[in-house]
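# Close look at the chain arrangement
Here are the chains, one letter per residue:
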Amino acid sequence: MSDHAVRPAAPAQELPADEESGWARWIFFGATMMLLLGSFTLVEGLTALLDPQYYAVTAHGTLLFNLTGWGWVHLVLGVAAVVTGLGLLARASWARYPGIAIAGLSALAHLTFLPAAPFWALVVLTLDVLVIWALVAHAPDALRTRPSRR
């Protein structure tokens, strides 16, 4: 046999049932991002409510609502994101679908909030897409309950 012979592949090693794959950590990234984005969105909403002059709105204004309306939208989305992020960190299976929905609504809200805060809206849009990806692609593995050790 020559030096370039192909060797058979080693058998795949299985992870113990109580260990999660490396991909499952993405759900915790998503949960952490939801907590951060929810907190930021709360501040953004409070700012729009308490200091409407803070945002630079174009002559066309913001889409659909005035800044007070967007303040309330961001406030509600922020609270929902924080609660859902805490649920995801606690491995609560109920939090997956609301997390996807909240991240999607947050992305839509920030898309329409572009005239008021363009840079920040793009940052949040990008992070919302990552959260949705983490929850859709990796939540089943990360949210499974671990077997109890006795």
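In what follows, the accompanying structure is described. (Residues numbered from 1 in each chain as written. Predicted model: local features only at pLDDT ≥ 70, side-chain atom pairs only at ≥ 80, totals over all residues. Heavy atoms only, no water.)

### Observations concerning the overall build of the protein
We apply this condition: Helix numbers and strand numbers start at the N terminus; a helix is a DSSP run of H or I with at least 4 residues, a strand a run of E with at least 2. Per-residue accessibility, obtained with a 1.4 Å probe over protein chains only, is compared with the maximum for each type, and a residue is labelled buried under 20%, exposed over 50%, and partly exposed between these values. Residues count as neighbours in contact if any of their non-hydrogen atoms are within 4.5 Å of one another. Accessible surface area values rest on a Shrake-Rupley calculation with a 1.4 Å probe, where residue burial reflects the displayed protein chains alone.
From N to C terminus, the protein includes four helices and zero strands. Element order for the protein, N to C, with α for helix and β for strand: α-α-α-α. Relative to its full complement of 150 residues, the protein shows a buried share of 39%. Within the protein, contacts between residues at least 6 apart in sequence are counted, and of these 75% link residues at least 24 apart. In the structure as shown, the protein presents an accessible area of about 9300 Å², 68% of it carried by carbon and sulfur atoms.

### A look at the nonpolar core
Convention followed: Here, nonpolar core means buried Ala, Val, Leu, Ile, Met, Phe, Trp, Tyr and Cys residues that are tied together by side-chain atoms lying within 4.5 Å of each other.
Ile 27, Met 34, Leu 88, Ile 102, Phe 113, Val 131 and Leu 135 are the most contacted members of the largest nonpolar core, which totals 20 residues. Mapped onto this core, the elements with two or more residues apiece are α1 (25-50), α2 (67-89), α3 (96-112) and α4 (118-142). With six residues, the top contributor of residues to this core is α1.

### Comments concerning the packing of aromatic side chains
Each pair of aromatic rings is reported with the distance of its centres and the angle of its planes. The condition that has to hold: When the centres of two rings from Phe, Tyr and Trp lie within 6.5 Å, Trp using its six-membered ring, the rings pair. Their planes under 30 degrees apart give stacked, over 60 give edge-to-face, and anything left gives tilted.
Under the criterion given, the structure shown has three aromatic pairs. Ring plane angle 70° and centroid distance 5.5 Å describe the contact between Phe 40 and Trp 120, whose orientation is recorded as edge-to-face. Note that Phe 40 is positioned in helix α1 and Trp 120 in helix α4, a separation of 80 residues in sequence. Since its relative accessible area comes to 38%, Phe 40 is described here as partly exposed. Here Trp 120 falls in the partly exposed class, since its relative accessible area comes to 29%. Members of the aromatic cluster, each reached through a chain of ring pairs, are Trp 26, Phe 29 and Trp 133.

### Quick notes on a nonpolar patch on the surface
Our working rule: Distance thresholds for patches are 9 Å for like charges and 5 Å for nonpolar side chains (Val, Leu, Ile, Met, Phe, Trp, Tyr), applied to residues having over 30% relative accessible area and no salt bridge. The salt bridge criterion pairs a side-chain nitrogen of Lys or Arg with a carboxyl oxygen of Asp or Glu, the two atoms within 4 Å.
A surface patch of nonpolar side chains, amounting to about 300 Å² of accessible area, comprises Val 79, Val 83 and Trp 94. Looking at where Trp 94 falls in the secondary structure, it is placed in the loop between α2 and α3.

### Focus: the side chain of Asp 128
We count it as follows: Charged residues are defined narrowly, with Lys and Arg counted positive, Asp and Glu counted negative, and His plus the chain ends left uncounted.
Locating Asp 128 in the fold gives a position in helix α4. Buried and unpaired, Asp 128 has Arg 96 as its nearest opposite-charge partner, separated by 16 Å. Not counting the four nearest positions on each side in its chain, Asp 128 is found in contact with Leu 37, Ala 103, Ser 106, Ala 107 and His 110.

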